[in-house]
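# Coordinate analysis (summary)
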Amino acid sequence: MLCVRHICAFALRRCQFRTLSSDTLLRQLNSCTTEDQVFDLVGKNKARLSEKHVGTAISQLWNFQKDKSRLLRNIDYVKNHSQFLTLCILAENKIEFMDDDLLVDTLYSVLRFTVEAHDSLVEELVVEAWRRLERFSLPTLSRFAVCLNEQQIYSTPLIGKIADIVKMNLDSIQDIRVLLVLMVSISGVISQSFQEQLIQKAELLLETENCFHFNHARRMVQFLRNVRLTHRPLLEKCNKIFLKNLSQLDLESISHILTLYQTLQFNNTEFRLVIKQKLTETIDDCINPVSFTKLFAALGPLAGPEVRERLIATALLMAEEFNCNEALVVVETMEKMECRNSHLIQNYLQVNVVPRDISMLIRVLSMLPSSQVDEVVINRVDAVLSQCNLNDLNSFATALVRWVRRDQSRHQSTSGPSAKLLQKLSNYGYQRLQKASDLDLLLEERRYISGEWFEEILVEETVNACQRLMDQITWMNVQEFSTFLLKTNYRCTPLLDRIASVAVQHINKIHPSGMYAILRPFTVLNYDPPQSEEFFEFCIQHCSSHLDCFEPHILVLLGYSLAVAEYFPPALINAIFNVDFLAKLDAQLEILTDNLNWKVRLRLMELNRAVCLECPEFQIPWFHERYCQQMQRKGNRSTNTAQQQIRRMLGEILGGSQYAKVSVLTPYYYGIDFEFILDKNKKPLPYMDQSIVLADLVQWGPDIQLLGKKGLPPGAQRIAVEFLDSKAFCKNSCQLNGEIAMKKRHLEILGYQVVQIPHFEWNSMELSSKDAWMEYLKKSIFETK
């Protein structure tokens, strides 16, 4: 091919034939309506083609393709045509004569025909453009930046030079398209301060622009994704643009936007509902693997049961037609839909070499009940360990632990390759944490990590690394860091204090909806920072002033989180317990994942319960009776060894099983392990009349007056005994977590005296005999005030 190119180039330089005048030829090129007409003109006049003719011909060829739908484009036909090769040779020979715009336009068009980045023409065009970089106009510079982006050139000296030019000329940029293209291009090499300047400029131009294309919004979201910044005001503004331009959003655009939103952890109910309907209508049109894969990834997590089953059935029918990348997308989406297929996973695992992909596939494979770790799995993991980040290592470890436990249940050996590989994984994890020097990069790696391997093996080393990098917690990453710290369940007061300090100091820079993520570690871990009231008041005021900024489900979760900490802002409570709001919430629940749907419904019930018990003056009715009854029917509460021991010993202490009840359900549907009644002399009373067992418990009447106790003798006290396992406490502390503290508070409002038995006391060396346990129970029950 290279020989032919050089021979043709020599021939073209030597040929000197008279032909049509340049102007006439240029007009004829511009008036062509098909690729063959252009090729015909090039073939007849190649000896006289100037750099302008060559550039025009190449641009025309791309214009023809651009006007066609993707399925009708014939890029391969054009690229492999002999006259296209002639144009490429001529272009390479005439680069120095091209003006700036023509140079960049030629590069742009050539790349659209998938000419490789290492092709000599592309290389020469890029080098020449680099030489001229400082004299480029800003629109030309932005078009050149697009070309570099196409070649996946993100963090090079050339991109750094473009960033310098943009910084020097930022004030003069008035075209939003030019600015956004350049922002996306240089996003990998800019400082945080320059990043903020770019965002401010973009916000200004977006406000002054009367009408703009949805691509502007897409590029803005792309930039935020590149710099890993969830800037909610900008995201909401871009989302409104998408909603106004729905007719222009095709499957590829929708798929791209949803992927960006997922990475930024941004959700908008209105957009998802509209997109769900739009995508559902296109199912019958997606009949090839490329379009179906995009549809499956976009619609699958949003779809209802019927559409979901239809998509999965089609995916399985197409399984043999998917290439490696398509199979990976389908498997990853099926995991989100909680549907897994070993056939797709095994096929892809054999050929994949990317650590992230292999970790995802092995994690999903380990969830299949019939799967077993074999030599293929061990070898694939071992081969990529040195390239893995913490998220990949965690995925591998989670899968291996699952397989090891499965082997234990089958009485198979657990000291083989899996155990050795787990130790190797731990060593790599320690090394990576000890070398960590950038908090944002560490958060990026830990974003989706969970599981026992992380919690048991690496959590302390992770917290140590975070304390070492504590000064890097800023208003821009404090939300993500708060979410990460909560996942560790580690009560590290210096880190919590830093979060509170940054939040209070920069409260006006943080989007109101971000307060939920910031508050959660304090409420869940049951920790009050210095100047606690000021911290909570600042956060609550910031939220209450912008309630319309919240997605319905986030508002519910925020309300519950504050209730755990005994805060019930009137504006927030009244906004949630409102008919219109609850209707919006119902609509949103349809598009949430099953797990999130379940969580939001549960938190709404728990918030309803907390308001009824702690704030009866709000006059919010209890409307979750039916929901709780359904949950109760589905529940399957089991008892552990310690609870069984306590049950037997309570019978002995109280004088018989008739004095205590097990697994009691209270009004407002709290479950407690054991319940019994002591009279005023602390003597147990038997449950003689089961119909009045709960009649004495506190309830709120319609007139918001506390109903008196009924059915108990004067001075008698109802006792609730709760065994608290490790989930009731922070990982490194004996402090109760917020939810357990709230439950104790509510049980006391309901009229109980609550006796809590922590697992670390019950299972301690001090209580290693029956006599010691009996004495411990007697002291806890009878000496408690």
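Residues numbered from 1 in each chain as written. Predicted model: local features only at pLDDT ≥ 70, side-chain atom pairs only at ≥ 80, totals over all residues. Heavy atoms only, no water.

### Examining the overall build of the protein
To be explicit about the condition: Strands here mean DSSP runs of E at least two residues long; helices mean DSSP runs of H or I at least four residues long; both are numbered from the N terminus. Whether a residue is buried, partly exposed or exposed follows from its accessible area with a 1.4 Å probe, protein chains only, as a fraction of its type maximum: under 20%, in between, or over 50%, in that order. For this analysis, residues touch if any pair of their heavy atoms sits within 4.5 Å.
Helix and strand counts for the protein stand at 39 helices and 5 strands. Looking at the 785 residues of the protein, the share that counts as buried comes to 50%. At a minimum sequence separation of 6, the contacts of the protein that also span at least 24 residues come to 73%.

### Overview of the environment of leucine 87
Note on placement: leucine 87 falls in helix α6 (residues 82-93). A relative accessible area of 0% means that leucine 87 is categorised as buried. Along the chain, leucine 87 and lysine 46 lie 41 residues apart, while their C-alpha atoms are 8.4 Å from each other. Leaving out residues up to four positions away in the same chain, leucine 87 has contacts with Val42, Leu49, Val54, Ala57, Ile58 and Leu61.

### Observations regarding the nonpolar core
Put simply, the rule is: Only buried residues count toward a nonpolar core, which is a set of Ala, Val, Leu, Ile, Met, Phe, Trp, Tyr and Cys residues joined through side-chain atoms within 4.5 Å.
The biggest cluster of nonpolar side chains holds 215 residues, and the ones touching the most others in it are Phe144, Ile162, Leu198, Phe223, Phe242 and Phe481. If we skip the residues at most four places from it in the chain, phenylalanine 223 touches Met183, Val184, Ser187, Ile190, Gln195, Leu198 and Ile199. Core analysis: the next-biggest nonpolar cluster, separate from the first, contains 23 residues, Ile646, Phe674, Ile757 and Ala772 among them.

### A few points about unusual backbone geometry
Of note in this structure, serine 663 is not a glycine but carries a positive phi near 50 degrees. Mapping serine 663 onto the fold places it in strand β1 (residues 660-665). Residue classification places serine 663 among the partly exposed residues on the basis of a relative accessible area of 41%. For tyrosine 669, which is not a glycine, the phi torsion comes out positive at approximately 65 degrees. Along the polypeptide, tyrosine 669 turns up in the loop between β1 and β2 (671-678).

### Quick word on the pattern of salt bridges
Let me state the cut-off plainly: The term salt bridge refers to a side-chain nitrogen of Lys or Arg lying within 4 Å of a carboxyl oxygen of Asp or Glu.
Taken as a whole and assessed by the stated rule, the structure comprises 24 salt bridges. We note a salt bridge from lysine 161 to glutamate 134, for which the minimum N-O separation is 2.6 Å. Residue lysine 161 is located in helix α10 (residues 157-168), and its partner glutamate 134 is located in the loop between α8 (120-132) and α9 (138-150); the two are separated by 27 residues in the primary sequence. Of the residues examined, lysine 161 reaches a relative accessible area of 28% and is grouped as partly exposed. On the basis of relative accessibility, which here comes to 60%, the residue glutamate 134 falls in the exposed class. Between lysine 744 and glutamate 748 there is a salt bridge, with its nearest N and O atoms 2.7 Å apart. Placement of both lysine 744 and glutamate 748 in helix α37 (residues 738-749) is noted, with a separation of 4 residues, approximately one turn of the helix. Relative accessible area serves as the criterion here: at 39%, glutamate 748 is assigned to the partly exposed category. Through salt bridges that share partners, Asp100, Glu128, Arg131, Arg132 and Arg135 make up one connected network.

### Thoughts on empty space enclosed by the protein
Selection rule: Both cavities and pockets are sets of points on a 1 Å grid over the protein atoms alone; in a cavity a 1.4 Å probe fits but cannot get out, in a pocket the set is open with protein on both sides within 12 Å along at least five of seven lines, and lining residues sit with an atom within 4 Å of a point. Grid points are joined across faces, edges and corners, and a volume is the space filled by probe spheres set on the points. Classification used: nonpolar for Ala, Val, Leu, Ile, Met, Phe, Trp, Tyr, Cys and Pro, charged for Asp, Glu, Lys and Arg, polar for all others including Gly.
This model, assessed by the stated rule, comprises 3 cavities of 30 Å³ or more. Volume-wise, the largest cavity comes out at about 60 Å³. Lining the largest cavity, in full, are Pro301, Arg308, Lys336, Met337, Glu338, Thr593 and Asp594. Broken down by class, the residue content of the lining of the largest cavity amounts to 2 nonpolar, 1 polar and 4 charged.

### Structural notes on helix α22 (residues 375-384)
Our working definition: Note that the arc is defined by the directions from the helix axis to the C-beta atoms.
Listed as buried for α22 are Val377, Ile378, Val381 and Val384. Buried residues of α22 fall within an arc of 150 degrees about the axis and therefore sit on the same side. Turned more than 90 degrees away from the buried face of α22, the exposed residues are Glu375 and Ala383.

### Overview of the packing of α10 against helix α11 (residues 176-186)
Threshold: Fitted lines through C-alpha atoms give the axes, limited to the stretch in contact for helices. The angle between two N-to-C directions lies from 0 to 180 degrees. Roughly parallel here means an angle under 35 degrees, roughly antiparallel means over 145, roughly perpendicular means 65 to 115, and every remaining angle is called oblique. In this scheme the handedness of a crossing depends on how the near helix is turned from the far one: anticlockwise by less than a right angle means left-handed, clockwise means right-handed.
Where α10 meets α11, the axes come as close as 9 Å, and the angle between the chain directions of the two elements is 140 degrees. For the element pair α10 / α11, the angle class is oblique. With respect to the hand of their crossing, α10 and α11 are arranged in left-handed fashion. The segment α10 lies against α11, with Ile159, Ile162, Ala163 and Val166 engaging Leu182, Ser185 and Ile186.

### Regarding the state of the cysteines
Covalent bonding between the sulfur atoms of two cysteines defines a disulfide. Quick note on the threshold: Disulfides are defined as pairs of cysteine sulfur atoms found within 2.5 Å of each other.
Applying the stated criterion to the full structure yields 0 disulfides. The thiol of cysteine 466 is not disulfide-bonded; the next cysteine sulfur, from cysteine 492, is found 8.4 Å away. Left unpaired, cysteine 612 is separated from the closest cysteine sulfur, that of cysteine 615, by 9.8 Å. With a relative accessible area of 6%, cysteine 612 lands in the buried category.

### Brief notes about helix α34 (residues 594-614)
Counted only if it meets this: What a helix should span is 1.5 Å times the count of its residues minus one.
Its 21 residues give α34 an end-to-end C-alpha distance of 30 Å, which sits within 8% of 30 Å, the value for a rise of 1.5 Å per residue. Here α34 lies mainly inside the structure; 15 of its 21 residues are buried.

### Here's the deal with the side chain of glutamate 445
In this structure, glutamate 445 sits in helix α25 (residues 439-446). When residues no more than four places from it in sequence are discounted, the contact partners of glutamate 445 are Asn389, Leu390, Asn391 and Arg432.

### Re the environment of methionine 334
Inspection of the secondary structure assignment puts methionine 334 in helix α19 (residues 324-336). Separated by 38 residues in sequence, methionine 334 and phenylalanine 296 place their C-alpha atoms 8.9 Å apart.

### Description of the packing of helix α7 (residues 100-112) against α8
The description of two helices packed together rests on the angle between their axes and the distance between the axes. Where α7 contacts α8, the axes come no closer than 10 Å and their chain directions differ by 145 degrees. α8 is crossed by α7, and the crossing has left-handed handedness. Facing Asp100, Leu103, Thr106, Leu107, Val110 and Leu111 of α7, the residues of α8 in contact are Leu121, Val122, Leu125, Val126, Glu128, Ala129 and Arg132.

### Quick notes on the pairing of strand β5 (residues 752-758)
Applicable threshold: In this scheme, strands are said to pair when DSSP sees at least two bridges between them. When the strands point away from the viewer, a crossover counts as right-handed if the route from the first strand across the helix to the second turns clockwise.
The buried count for β5 comes to 6 of 7 residues, which makes it a mostly enclosed element. In this structure, strand β4 (residues 717-724) lies alongside β5, joined through 7 bridges in parallel fashion. Across the sheet, phenylalanine 723 pairs through a bridge with isoleucine 757, a residue of β5. Regarding topology, α37 serves as the crossover connection from β4 to the parallel β5, and that connection is right-handed.

### Focus on the packing of aromatic side chains
Applicable threshold: Each Phe, Tyr or Trp ring (for Trp, its six-membered ring) is paired with any other whose centre lies within 6.5 Å, and the angle between the two planes then decides the class: stacked below 30 degrees, edge-to-face above 60, tilted in between.
Following the criterion strictly, the structure yields 18 aromatic pairs and no others. Ring plane angle 80 degrees and centroid distance 6.1 Å describe the contact between phenylalanine 136 and phenylalanine 144, whose orientation is recorded as edge-to-face. Across this residue pair, the class does not change: phenylalanine 136 and phenylalanine 144 are buried. With a centroid separation of 6.4 Å and an interplanar angle of 25 degrees, the aromatic rings of phenylalanine 522 and tyrosine 527 are classed as stacked. For the pair phenylalanine 522 and tyrosine 527, a shared accessibility class is recorded, and that class is buried. Each member of the aromatic cluster is reached from another via a ring pair, and the members are Phe522, Tyr527, Phe535, Phe536 and Tyr567.

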